Amino acid sequence: MRYKRIVVTHYGGPDALEVQEEECPEPQRGDARVRVLAAGVSLPDLLAREGVHPETPAVPFTPGWDLVGVVDRLGQDVSGLEPGQTVAAMPISGAYAEFVCLPQDKLIPVPPGLDAAEAVSLVLNYITAYQMMHRSTVATAGQRVLIHGASGGVGTALLQLGRLAGLEMYGTCSARGAAIVSELGGVPIDYRDQDFVKEIRRLTGEGVDVVFESIGGTHIWRSRKALRRGGKVVAYGLTSSLEGGRLASGRPGRRNRLHGIPIFVLFIAAGWVLPGRKRVVPYSIQTLMRLKPALFRQDLTTLLDLLRQRKIKPIIARRFPLVEARQAHELLGKGGVTGKIVLVTDGATPAAGTT
Ligand SMILES: NC(=O)c1ccc[n+]([C@@H]2O[C@H](COP(=O)([O-])OP(=O)(O)OC[C@H]3O[C@@H](n4cnc5c(N)ncnc54)[C@H](OP(=O)(O)O)[C@@H]3O)[C@@H](O)[C@H]2O)c1
């Protein structure tokens, strides 16, 4: 059987993405083959395509952090999974494909009746948001938080989970994102026209308890200035590495996986040394998944249950057919996207009432 997958042929722009067709892989011992229904498109995919994400594989590779699909065939010695069962996984790369073989312990059951695009949004974006909110810090009702990139994939997840937790929320976004930030319960701050540190001081007086910091670089330091005494910056992103979807440094074409890491270390150390008890702590979903796989499984199961109960509703910015991955990257790189872009295959039909 032939299948299609997307391949990054060289580090660079969206033109580095190619559709390739080849023989479908067979599952090895302990693996299951999954027919992918939906694969998420996120900034980490763009960072890997450009060669700067810490998890960037060597080229050529198939990108795609997260997927939802249906178990299609079992390798030897696999138990507890049935062909036809819907599952989710976060392989970090490889999800932009019609079929993927994964170890059975990486597959997490998805309750029946959920829309695949909504369910896949939970894997990278909502687990990141949930773990930052409840594991990197313990968010309690009434706490004030600042969410950067609040209208994006992780940002909208933070807003929805923050509302459930009873947080007072402020969110930086461009003018296009202000309406959705307000709708999800946050106070929008236009990052292009306003100084967010001054604005937070004006709105709150003493500052916020937590900043969810997705921009990276020296922006982390400005975020620290928005904290009240004893507050915490959870630093997790490298959005400032990209401009218009391409490397801001203008030096594409090579693999540089340590990009942005030294400055994280510097700010974490400074947080301990300087007065004010203001800490900078890093968050990495892949590190936590590797160190504590049971926690990853537990948190995704909790989120799937919240989705089943309609207590959270991932915003799907747009669904693209898998073979249009390049257009999906172009759109995300342009900016102004609200929520999550998802690649879908022929088998994925949106559930009633979804966008
Ligand atoms: N550490 C982890 O485990 C982990 C996991 C997942 C994601 N991430 C990181 O999280 C970040 C967000 O990912 P995503 O997929 O949610 O991206 P996304 O959907 O593209 O959202 C990024 C948002 O940031 C906004 N933005 C850009 N520059 C900004 C600035 N200077 N100030 C405030 N907002 C700004 C954009 O707004 P406009 O487009 O309107 O300008 C956009 O809404 C990325 O850096 C990604 O690498 C980290």
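Notes on the structure in this doc start here. Residue positions are given per chain, counting from 1 as you read along its sequence in written order. Note on the predicted model: pLDDT of at least 70 is required for a residue's local features to be given, and 80 or more for side-chain atom pairs to be given and counted; whole-chain, interface and lining totals, by contrast, use all residues. Water and hydrogen atoms were dropped before computing side-chain values, which therefore reflect all heavy atoms in the structure.

1. A short note on the overall build of the protein
Per the convention used, a helix needs a DSSP run of H or I reaching at least four residues, while a strand needs a run of E reaching at least two, with both numbered from the N terminus. The helix and strand tally for the protein stands at 10 helices and 17 strands. Over its C-alpha atoms the protein spans a radius of gyration of 20 Å, differing by no more than 12% from the 20 Å that the globule rule assigns to 355 residues. Projected onto its principal axes, the C-alpha coordinates of the protein cover approximately 60 × 45 × 35 Å. A 1.4 Å probe rolled over the protein chains alone gives each residue an accessible area, and that area as a share of the maximum for its type sets the label: buried under 20%, exposed over 50%, partly exposed in between. Taking all 355 residues of the protein together, the buried fraction comes to 55%. We call two residues contacting when some pair of their heavy atoms lies within 4.5 Å. Considering only contacts within the protein whose residues lie at least 6 apart along the sequence, 70% involve residues at least 24 apart. As defined in this context, the radius of gyration uses C-alpha atoms, and a globule is described by 2.2 Å times the residue total to the power 0.38.

2. Digging into the site of the ligand
The nearness test applies per residue and asks whether one of its heavy atoms lies within 4 Å of the molecule or strand. Surveying the vicinity of the ligand reveals 27 residues, the closest of which are Val154, Ser174, Tyr191, Ile285 and Gly336. One nitrogen or oxygen atom from the main chain of Tyr236 is found 2.8 Å from a nitrogen atom belonging to the ligand. Reported accessibility uses the Shrake-Rupley method at a 1.4 Å probe radius. Residues are deemed covered only where the shown protein chains occlude them. Its free accessible area being 940 Å², the ligand has 89% of it covered by the protein chains. For the shell around the ligand, the secondary structure elements donating two or more residues are helix H1 (43-50), helix H2 (116-136) and helix H3 (153-165). Definition of a polar contact: a pair of N or O atoms within 3.5 Å, with one able to donate and the other able to accept a hydrogen when the atoms are protein atoms, and with sequence-neighbouring residues admitted only if both atoms are side-chain atoms.

3. Quick look at the packing of aromatic side chains
When two rings of Phe, Tyr or Trp (its six-membered ring) have centres within 6.5 Å they constitute a pair, described as stacked for plane angles under 30 degrees, edge-to-face for angles over 60, and tilted for the intermediate range. Overall, the coordinates contain 0 aromatic pairs when judged by the stated rule. If you follow Arg33 out to its NZ or CZ, it ends over the ring of Phe99, 5.4 Å from the centre. For a Lys NZ or an Arg CZ to count as sitting over a ring, it must be within 6 Å of the ring centre and within 35 degrees of the ring normal.

4. Some details on the side chain of Arg33
Relative to the helices and strands, Arg33 resides in strand S3 (residues 31-41). According to the relative accessible area criterion, Arg33 is buried, its value standing at 3%. A polar contact is formed between the side chain of Arg33 and the backbone oxygen of Pro25, at a distance of 3.0 Å. One polar contact links Arg33 to Asp72, side chain to side chain, over a distance of 2.6 Å. Leave out the neighbours within four places in its chain, and Arg33 touches Met1, Cys24, Pro25, Glu26, Pro27, Val70, Val71, Asp72, Arg73, Phe99, Val100 and Cys101.

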